[in-house]
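Spelled out from the first residue to the last, the chains are:
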Amino acid sequence: MLSFTPQEFPTAKLHGYLLSAVAPRPIAFASTIDANGKPNLSPFSFFNVFSANPPILIFSPARRVRDNTTKHTLHNAELTKEVVINVVNYDIVQQMSLSSTEYAEGVNEFDKAGLTMLKSDIVKPFRVAESPVQIECKVNDIVKLGTEGGAGNLIICEVVKMHVSESVLDENKAIDQNKLDLVSRAGGSFYSRAKSGFFEIPKPLSTLGIGVDALPKSVRESVVLTGNDLGLLGNVENFPDEKSILAFKNQHNLSSLSTEQKHKRAKDLLSFNDIEGAWKVLLS
């Protein structure tokens, strides 16, 4: 057995062991706003429910290990004392992943991820319309666990209103776990789908993905491509160059395909994680 004390490893390596061992973990898709009312959206897997009376959720935006900086979500929660926690199901997992890209302050991750802002009833941050459960919260307290990279910040949230889609309820108005189809986080690039177990999503680009908002309108409004498909397509730094698109088009005889047929072909390629091939089909 490998046995060690936390001090024996660099924080990044210890972080990897902890996240792989304590898994799977639920995901808090947290929506906040800054001092100017600009929205922010980011996922966190240090998250759970801790009380029903009062109803308390806690999530933790940790200080970044690499440079000891803190996240916009933490700043916004400290300032406004409000947050919306949206649950993540399989239908939006790729868009959730794309939103974790570290865009500059003021960039709207709802737009980048291709998700819809839905006005909340009590708090100011927006809900994620595509999430099947959206929980409006006030921030009761923030507990800082340290000052070095990797230290957590426990944001203690009290539920003030909860929204549950009728589509995930059973005949008794209880949540049907199979219909909810939740996704949780594990170590490395691994996630777990509650209904079927582990799968992988490559981490978003260290450079900035173009985002769903930068996709051609015909792609964004496709009747074939899903939100997850758009999330994959938005996680590229650049489109393929015209020369490679033309070569691909001639090689695969795409000239006669309709837009819908191209979208179906691209969707097939995305199922094999061939994002570049999918883009060449869509742009041909």
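Residues numbered from 1 in each chain as written. Predicted model: local features only at pLDDT ≥ 70, side-chain atom pairs only at ≥ 80, totals over all residues. Heavy atoms only, no water.

**Student:** Honestly, the sheet that holds strand E13 (residues 197–200) in this entry has me stumped. Any pointers?
**Tutor:** Two orientations exist for strands paired in a sheet by backbone hydrogen bonds: parallel and antiparallel. On the basis of which strands lie adjacent, the open sheet formed by four strands has the order E1-E11-E12-E13 and antiparallel pairing. Across the chains shown, the open sheet's two edge strands, defined by having one partner strand only, are strand E1 (25–26) and E13. (Pairing = 2+ DSSP bridges. Helix = DSSP H or I, 4+ residues; strand = E, 2+ residues; numbered from the N terminus.)

**Student:** How do you make sense of the layout of surface pockets when you look at a structure like this?
**Tutor:** Leftover empty space is mapped by rolling, across the atoms, a probe with the size of a water molecule. As a volume, the largest pocket reaches approximately 1,200 Å³. In this structure, the largest pocket is lined by 44 residues; those nearest its centre are His15, Lys71, Ser100, Glu102 and Lys203. In terms of residues, the lining of the largest pocket owes the most to one element, strand E3 (residues 39–44), which gives five residues. Residues that form the lining of the largest pocket fall into these classes: 19 nonpolar, 16 polar and nine charged. (1 Å grid on protein atoms, 1.4 Å probe; cavity = no way out; pocket = protein on both sides within 12 Å on 5 of 7 lines; lining within 4 Å. Points joined across faces, edges and corners; volume = space filled by probe spheres on them. Nonpolar A, V, L, I, M, F, W, Y, C, P; charged D, E, K, R; others polar.)

**Student:** Before we go on, may I ask you to explain a nonpolar patch on the surface in this structure?
**Tutor:** Together, Met162, Val164 and Ile175 make up an exposed nonpolar region whose accessible area comes to about 230 Å². Mapped onto the elements, Val164 comes out in strand E10 (residues 153–164). For Val164, a relative accessible area of 32% translates into the label partly exposed. (Patch = residues over 30% accessible without salt bridge, like charges linked within 9 Å, V, L, I, M, F, W, Y side chains within 5 Å. Areas by Shrake-Rupley, 256 points an atom, 1.4 Å probe, with all protein chains shown as cover. Salt bridge = Lys/Arg side-chain N within 4 Å of Asp/Glu carboxyl O. Buried < 20%, exposed > 50% of the residue type's maximum accessible area, 1.4 Å probe, protein only.)

**Student:** What is the right way to look at the sheet that holds strand E4 (residues 47–52) in this model?
**Tutor:** In spatial order, the strands read E3-E2-E6-E9-E10-E5-E4; together these seven strands make up an open sheet with antiparallel pairing. Both edges of this open sheet fall to E3 and E4, since each of them pairs with a single strand only. On average, each strand axis in the sheet is tilted by 30° relative to the strand beside it, whichever way the strands run. (Axes fitted to C-alpha atoms, helices over the stretch in contact; angles between N-to-C directions.)

**Student:** For this particular structure, what's the right way to read the packing of helix H8 (residues 242–252) against helix H10 (residues 275–282)?
**Tutor:** Two packed helices can be described by the angle between their axes and the distance between those axes. Two numbers describe how H8 lies on H10: the axes approach to 9 Å, and their chain directions differ by 80°. It follows that H8 is roughly perpendicular to H10 by the angle criterion. Residues Ser244, Ile245 and Phe248 of H8 form the contact with H10, whose own contacting residues are Gly277, Lys280 and Val281. Considering only residue class, the contact of H8 with H10 consists of three nonpolar, two polar and one charged. (Parallel < 35°, antiparallel > 145°, perpendicular 65-115°, else oblique. Contact = heavy atoms within 4.5 Å.)

**Student:** How should I be thinking about H10 in this particular structure?
**Tutor:** Note: α-helices contain 3.6 residues per turn, so residues at a spacing of three or four share the same orientation. Where burial is concerned, most of H10 is hidden: seven out of the eight residues are buried. Buried within H10 are the following residues: Ile275, Gly277, Ala278, Trp279, Lys280, Val281 and Leu282. Where H10 is buried, its residues touch helix H6 (217–220), helix H7 (227–234), H8 and helix H9 (259–271). Capping of H10 at its N-terminal end is provided by Asp274; its side-chain oxygen lies 2.9 Å from the backbone amide nitrogen of Gly277. (Polar contact = N/O pair within 3.5 Å; in protein donor to acceptor, adjacent residues only side chain to side chain.)

**Student:** When you look at the environment of Asn140 in this model, what are you seeing that I'm missing?
**Tutor:** Within the secondary structure, Asn140 is located in strand E9 (residues 133–144). By relative accessible area, Asn140 is classed as partly exposed at 39%. Placed 17 residues apart in sequence, Asn140 and Cys157 show a C-alpha to C-alpha distance of 5.7 Å. Those residues in contact with Asn140 that lie beyond four places of it in its chain are Ile56, Ile156 and Glu158. Here the side chain of Asn140 touches Glu158 through a polar contact of 3.0 Å, side chain to side chain.

**Student:** Would you mind showing me how to read the environment of Lys161 here?
**Tutor:** If you trace the backbone, Lys161 turns up in strand E10. Judged by relative accessible area, which is 33%, Lys161 ranks as partly exposed. Taking the C-alpha atoms as reference points, Lys161 and Ile135, separated by 26 residues in sequence, lie 6.0 Å from one another. Leave out the neighbours within four places in its chain, and Lys161 touches Asp121, Ile122, Gln134, Ile135 and Glu136. Side chain to side chain, Lys161 and Asp121 meet in a polar contact 2.9 Å long.

**Student:** Sorry, what's going on with the pattern of salt bridges here?
**Tutor:** Pairing between side chains of opposite charge can happen when the charged atoms of each approach one another. Taken as a whole and judged by the stated rule, the model has twelve salt bridges. Between Arg66 and Asp67 there is a salt bridge, and its shortest N-O distance comes to 4.0 Å. Judged by its relative accessible area of 41%, Asp67 is partly exposed. Lys161 serves as the salt-bridge partner of Asp121, at 2.9 Å between the closest nitrogen and oxygen. Of this pair, Asp121 sits in the loop between strand E7 (117–118) and strand E8 (127–128) while Lys161 sits in strand E10, and the two are 40 residues apart along the sequence. For Asp121, a relative accessible area of 46% corresponds to the partly exposed category. Residues joined by salt bridges that share partners form a network here, namely Arg64, Arg66, Asp67 and Glu102.

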